[in-house]
2 protein chains.
Amino acid sequence: MTKFVYGFHEGRGDMKLLLGGKGANLGEMTSIGLPVPEGFTITTETCNQYYREGSKLWDELQKEILTHLEELQKTTGKVLGDHKNPLLVSVRSGSSVSMPGMMDTILNLGLNDASVEGLAQATGNPRFAYDSYRRFMQMFGEVVLHIQKYKFDHILENKKTEKNIEEDTELTVDDLKDIIKKYKQVVQKESNMGFPQDTKEQLFMAIEAVFKSWENPRAKVYRKLNDIPASLGTAVNIQSMVFGNMGDASGTGVAFTRNPSNGEKKLFGEYLINAQGEDVVAGIRTPKPIEELKQRMPKVYQQFNDAAEILEKHYGDMQDIEFTIENEKLYMLQTRTGKRTALAAINIAVDMVKEGSLTKEEAIMRVEPAQIEQLLHPTFDEKALEEATIITTGLPASSGAASGKVYFNPEDVVAAKARGEKAILVRTETSPEDIEGMVAAEGILTSKGGMTSHAAVVARGMGKCCIAGAGEVRVDEPGKVFHVGKTTYKEGDYISLEGTKGMVYHGEIITKDPQLSGSFMELMTWVDKTRKLKIRTNADTSRDAEKAIEFGAEGIGLCRTEHMFFEESRITAVRKMILATNEADRKKALQQLLPMQRQDFVEIFKTMGERPVTVRLLDPPLHEFLPHEEKDIEQLAIKMEMPVKQLREVIEDLKEVNPMLGHRGCRLAVTYPEIYEMQVRAILEAAIIVKNEGGHVIPEIMIPLVGELKELQYNKDIVINTAKEVMEKNEASIDYLIGTMIEVPRAAITADEIAEEAEFFSFGTNDLTQMTYGYSRDDAGKFISQYKDKNILAKDPFQQIDRKGVGKLMEIAVELGKKARPSIKLGICGEHGGDPSSIEFCHLLGLEYVSCSPYRVPVARLAAAQSAIRHSN
Amino acid sequence: MTKFVYGFHEGRGDMKLLLGGKGANLGEMTSIGLPVPEGFTITTETCNQYYREGSKLWDELQKEILTHLEELQKTTGKVLGDHKNPLLVSVRSGSSVSMPGMMDTILNLGLNDASVEGLAQATGNPRFAYDSYRRFMQMFGEVVLHIQKYKFDHILENKKTEKNIEEDTELTVDDLKDIIKKYKQVVQKESNMGFPQDTKEQLFMAIEAVFKSWENPRAKVYRKLNDIPASLGTAVNIQSMVFGNMGDASGTGVAFTRNPSNGEKKLFGEYLINAQGEDVVAGIRTPKPIEELKQRMPKVYQQFNDAAEILEKHYGDMQDIEFTIENEKLYMLQTRTGKRTALAAINIAVDMVKEGSLTKEEAIMRVEPAQIEQLLHPTFDEKALEEATIITTGLPASSGAASGKVYFNPEDVVAAKARGEKAILVRTETSPEDIEGMVAAEGILTSKGGMTSHAAVVARGMGKCCIAGAGEVRVDEPGKVFHVGKTTYKEGDYISLEGTKGMVYHGEIITKDPQLSGSFMELMTWVDKTRKLKIRTNADTSRDAEKAIEFGAEGIGLCRTEHMFFEESRITAVRKMILATNEADRKKALQQLLPMQRQDFVEIFKTMGERPVTVRLLDPPLHEFLPHEEKDIEQLAIKMEMPVKQLREVIEDLKEVNPMLGHRGCRLAVTYPEIYEMQVRAILEAAIIVKNEGGHVIPEIMIPLVGELKELQYNKDIVINTAKEVMEKNEASIDYLIGTMIEVPRAAITADEIAEEAEFFSFGTNDLTQMTYGYSRDDAGKFISQYKDKNILAKDPFQQIDRKGVGKLMEIAVELGKKARPSIKLGICGEHGGDPSSIEFCHLLGLEYVSCSPYRVPVARLAAAQSAIRHSN
């Protein structure tokens, strides 16, 4: 038979999944002998069972609870509802993952019209007893009976006005009795039942309320935001009450064993005298710094300090502790690993290694990879931020903070930047044509598009703050304004973007530049020694490459050549190439592009030194390079000296129903081999130039979107023939590799064939995910969030590799690829290359490297090290 | 060492791949003792080697050829180029697959200024000798030296005019000598070389010319049209000449052992007296029916008749034989399996079983499955067709023949049909909105779209003639005209479509209804006993279902519910449903659709009797149901009583970048569960109605586009709950199955999980192919034909299952699915279900059934039987 209830003495810290964090830690604290009020925990599994039973506490469960209640009554010597020495308990939620404030708590449970008198007698403090009863009634009324808070507050306030007093503490016993009477009337009226006098009924109702709070809207939203599966469920902790509000020798508080903002090794927290826990949370009275307790109750402070040290040592990590003092006796109510900023996480981890309480490997495991990206971007000044007004929110598409004047098209942003202004680009969505404006902007705000939209991907690549899919923003690009509700922002108005959380603020906010601490540098040297995976970067320019090297990149895993095509000076030649009606004209246009591409590669190769560089040949469909707005089409027609009608026809002709699955990647080169010829020429000539200047580069030439061996063979021939010609002409010899993306499911399945011709594979997991799931990443935003709400997808597969499906294809490809060519180089260059879970998967697959945007490089280094540690045996 | 040359005595019929069809058969005929002029064959592999050597005859090959030439000289007692008794040879191409008239032939090789005299002496017929020389020079000039034909013809015609004669035979020796002199001048002028007098040089040049003709444009086009791989290469046959033009005791002819049009068992062919083979082909003189030879040369006729019988018996199939008579001596020049119509193929196969010369299984293998679809559709009257003018051509998207007046939108077609007119729907492309017009039309012509475009798929389903992607047609839908070149066709003008070849004709052409012969019926009973696969049909209406049953369908494998939504009477309710802004309004609109869908299912279930019916729940994205043209949008806004602007916004909002990978299939039902609820209700209520009337139906409810187990679970819950409710309400019990399409790669890879919840899988190979290759079938037309030209794809994967990639995923899914649920039912409902090679693959996979459009059902039955025979051991 399943055991649904555990006494605290039965619980241990490693039973979190079953007992929840709070329950497991109460058990653990009990086991190491710290002063913990006694109690028991109803397991998280019970919560799931509760929903399966149709939201009812079934008979056997009730019996099991009552058995533990009796035991608790025995050990405390008190009885629930007793009119002499009543037991009071708290009923608290506690899931295995911390969800602070999201679920419900009931304190002082066990009071009724009889036991309140018992409490008054037992404590000799009637005022305390009636105040506790009043508090309990209000809490129970709100949490269990769902009566609106103000209805109780109103009665309390009226009484205080009537008595002309300010503080609750000034209320007399009679005042409280009167308030209780009126509370009862409210309960009767609002819930159609009298306030329950049966204390066991109180207990069961409270337990149900906690279970139900697992599915309340704010808990659901929190879970969704934090990727917490609904199947975890919450435990319920029933604990005998201790009272911080029994007078001036009592109190309650919260403290961290180290400073959670910067990691400083010093108790950090606050306390309130004569108060219960919710008074600290409610913020009505201002708590005092924990240091002051030292003067006020030196013994208790010392005792707490010792307990805190024991706990930190015991758990081996910084703790967040709740405590209560009841008549100068200290009780530990809760301990848990303290949340901390990235800065604190790093400083604490490194300090603890120096203190000898952590190994370097343990320290590496202590820092959340996703968090450290914060450290690399500017942030807003905290003070200034507090005063700022939020306009709206959107998806946190790319971290960082930015302030500037709004502009609605890339040209205006470029012009503003030229005038020395800071500009924010605001668009419905961005497209590759906007690239120059994106480079010039401080930050980017779009009203549509998801976490892997064009704006998001490009901004992350640049380490530029971006908020995407801000649905409330209605952008009027031609009118150069945007609206949020009834407010309108015109061109030139200031706004500020906070990309880590996706907040859009009114006006200008001062930003702080990032600073990388010594501890960070130290930790990263340990990280680099530990990891097995190499970390490369996705970089299209030497500027990106420089940034990435600074962050520790060991090569370029993906240099997209198309972004180079969008620059003002080049786009005309690109368009001439596309609009050419014969091979000769097309070659002429390509001839104009050649020196520019060559120069790009020269710069990148020089920047990268001996580090490997993977260059992907042209990938996007040609229509991406042509304008789509009537005005732009007309201008282009004039420039190209062709009739507008004809140009419109070409554009219409290039349109595709599903461009994602259309004429792009190596398919383009089958139609127009001269494009890849030009690109290969540029790569090889650049390599020769760099070599002649004493450099050393082995370009890795990557052919995208291969799905069939012969596609690769066809394009490989182009590469080999062009390279041969360039080398012969220049009397030079350059080593280079030819490989392919594995991004089409068929390529994964036929990877053995493909590996016969490819010297390396780079997994393009963005497209592979799109095709394996059949989700267009441009469109899936609509239903993926519903899928997460409805528990159909635990994770967005564009953020984290779906190991079961996409991952399985990768496994197949790795196995087949290695079988056909044991020396094959394997890497990944999709957006997943910066995601810790995906990096772990790549480690397990035995890839040589992951490649990610420059600002994710440190994240990837850390995640790779953690993967190596986690799977070291 | 590779042997490149085989004497005829070394060849056998089963060496076709190496010796080509002609070479192998000459060998075979030699071996069975028929009178075949001696010679040797250069292998098909030599052809490939020739291209690898840079289009040169390498030394060793030349030596090997000369060795065989010497042998030939020995056996014939003649010497090439001899001025007394010269050997003359023919040099003919011959690949392993028949490509009639596509490659080159040179006759009478070995004549030069000296040997022509030898020939004159040896035959005692100088006129014959000089005429042969003239013919040889012309043929060599054209074929080897690429001199235009008219330059020779001109000289010949001039001479005839000068002499005032009509027939070549009237030319004297002197005339011929004069012509030869002038021919030499032409050769000198055009090729910058004298006519080669070295007969070995002649031979080598001729051999090279044959090899080169393998890559001539018409051969390439023919191979592409007939899916013949370029790697086969052609053999070259060098055979000593016999002469049908040595006077009135000589002649040449061609005959089939049975009638190739209808299969009648009787020699069928024609001959010419005093002529060489090319005279028959050239069509200058009218040949005589073969029967007349019986009177003219009874002995030779008898001898030929005997040989023909021997050959038919020997090969066990109807033969197509070339012969020559030289001075009353019969020579067999070639025999090959005769090409025949579908009707003849069936009649011959069934007759030969009755004659005892074939087993039923062999007879089944004798009929080409793809061919028999011809028999099911109307055809044009042959005479009328001969006189018809071709306007243009397009893709042969759906077989059959149709004549009618052109109309440019579905409403006009429906109206025309109502007036009793026959109408052809002409559109740029069709969309689901056009469905009623497509039903009413006799045939459909589109200027865009490929073999799997909407028009093609729907028309095939209806068995309606359709020509898609007729690129020369420029359709002006609003103007109600279409243009081809400078000709314009207006609404109401007659055109005719021939869908088997994709021909568009001017005016009206009389059609003949199809008639299924007794032999056809007999063959199909053998077929049905032989096959292992069940054949179901894709049918959306009871009309389709009836047709399919007539053609032998054993169930419905795919009933698409969306086509039902497009009917005039329903589309308004569908649109209301889509435009509803809340669940209540949506349900109200669905409530209107319910009785209509229910009635559809009642009719289908009744038609199908006890046969299984798989119903697919709604699949396409919602935007397909909304209008896209401004005029229609305005009208709809009025009808829906909503502002046009708002409607436009809804339509804009539903637009997707890649609709193929968008919000459709079961994803829709996650957002709007009420849609599937309504559909399941309609299915179950219909089943109850049919059951109550004594019918019997076990609906198979199919959930489309599942890629993740939980998607299926979510939708399965909807089905189960709705079904339960309907059954309880009606106090009825209906057995039904719940299954899913396997059409997303991820579903195939995780098929074990999915099979836990699915009682059947139906492979949706259209979408599976799209996602596995990453080809949008709406867009891939652009590059797939290039891919075939450039040998990157051997086959269009949308026509024939790609076994290596898509097929591999199917294999994985079958294996995983059966492991998790051994009883799982497996079928296929993609367009591939009607393709013989794909059917064979399904047989090998062990599927239970294939499902295809009604008119493909007989094709599928035959293909399934052939697969069973082919893989019977």
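Residues numbered from 1 in each chain as written. Chains lettered and ligands numbered in written order. Predicted model: local features only at pLDDT ≥ 70, side-chain atom pairs only at ≥ 80, totals over all residues. Heavy atoms only, no water.

## A few points about the overall build of chain A
Here's step 1: A tally of regular secondary structure across chain A gives 35 helices and 33 strands.
Here's step 2: By residue count, 59% of the 873 residues in chain A fall in the buried class.
Here's step 3: Relative to all contacts within chain A whose residues are 6 or more apart in sequence, the contacts with residues 24 or more apart total 68%.
Here's step 4: Entry remark: accessible area of chain A is about 35,100 Å², with carbon and sulfur atoms responsible for 48%. (Helix = DSSP H or I, 4+ residues; strand = E, 2+ residues; numbered from the N terminus. Buried < 20%, exposed > 50% of the residue type's maximum accessible area, 1.4 Å probe, protein only. Contact = heavy atoms within 4.5 Å. Areas by Shrake-Rupley, 256 points an atom, 1.4 Å probe, with all protein chains shown as cover.)

## Focus on the interface of chain B and chain A
Here's step 1: Each partner contributes residues to the interface: chain B has 49 residues there, and chain A has 49 residues.
Here's step 2: Both sides of the chain B and chain A interface together cover about 4,400 Å² of buried area, and 55% of this is carbon and sulfur.
Here's step 3: The largest share of the area that chain B buries against chain A comes from Leu661, Arg746 and Ile792 of chain B, three residues that together contribute 14% of it.
Here's step 4: Summed over the shared surface of chain B and chain A, the number is four salt bridges.
Here's step 5: For Lys804 of chain B, the salt bridge goes to Glu753 of chain A, with nearest N and O atoms at 2.3 Å.
Here's step 6: At the junction of chain B with chain A, the criterion picks out 30 residue pairs in polar contact (both at pLDDT 80 or more).
Here's step 7: Where the side of chain B that touches chain A is concerned, the elements lending two or more residues are α25 (644-654), α26 (666-671), α28 (709-730), α29 (745-749), α31 (765-773), α32 (781-789) and α33 (806-820) of chain B.
Here's step 8: Class assignment for the residues of the side of chain B that touches chain A results in 21 nonpolar, twelve polar and 16 charged. (Buried area = accessible area lost by both parts, 1.4 Å probe. Salt bridge = Lys/Arg side-chain N within 4 Å of Asp/Glu carboxyl O. Polar contact = N/O pair within 3.5 Å; in protein donor to acceptor, adjacent residues only side chain to side chain. Nonpolar A, V, L, I, M, F, W, Y, C, P; charged D, E, K, R; others polar.)

## Let's talk about the nonpolar core
Here's step 1: Counting residues in each nonpolar core, the largest one holds 327 residues, and the members touching the most others are Leu684 of chain A together with Leu684 of chain B.
Here's step 2: Not counting the four nearest positions on each side in its chain, Leu684 of chain B is found in contact with Ile701, Ala723, Val726, Met727, Ile734 and Tyr736 of chain B. (Core = buried A, V, L, I, M, F, W, Y, C linked by side-chain atoms within 4.5 Å.)

## Describing the relation of the copies chain B and chain A
Here's step 1: Of the two same-sequence chains, chain B is brought onto chain A (RMSD 0.3 Å, axial shift 0.0 Å) by a rotation of 179°. These values place the two chain copies in the arrangement generated by a two-fold rotation axis.
Here's step 2: In this assembly the copies share their binding face: 98% of the residues contributing to the interface of chain B also contribute to that of chain A. (Least-squares fit on C-alpha atoms with pLDDT ≥ 70 in both.)

## A look at the sheet that holds strand β22 (residues 487-490) of chain A
Residues and elements named next belong to chain A.
Here's step 1: The three strands lie next to each other as β20-β21-β22, forming an open sheet whose pairing is antiparallel. Looking at strand neighbours, the two that pair on one side only are β20 (473-476) and β22, the edges of this open sheet. Strand-to-strand twist of the sheet, defined as the mean angle between neighbouring strand axes without regard to direction, takes the value 20°.
Here's step 2: Direction of pairing for β20 relative to strand β21 (residues 481-484): antiparallel, over a ladder of four bridges. Paired with Val475 across the bridge in β21 is Phe482. (Pairing = 2+ DSSP bridges. Axes fitted to C-alpha atoms, helices over the stretch in contact; angles between N-to-C directions.)

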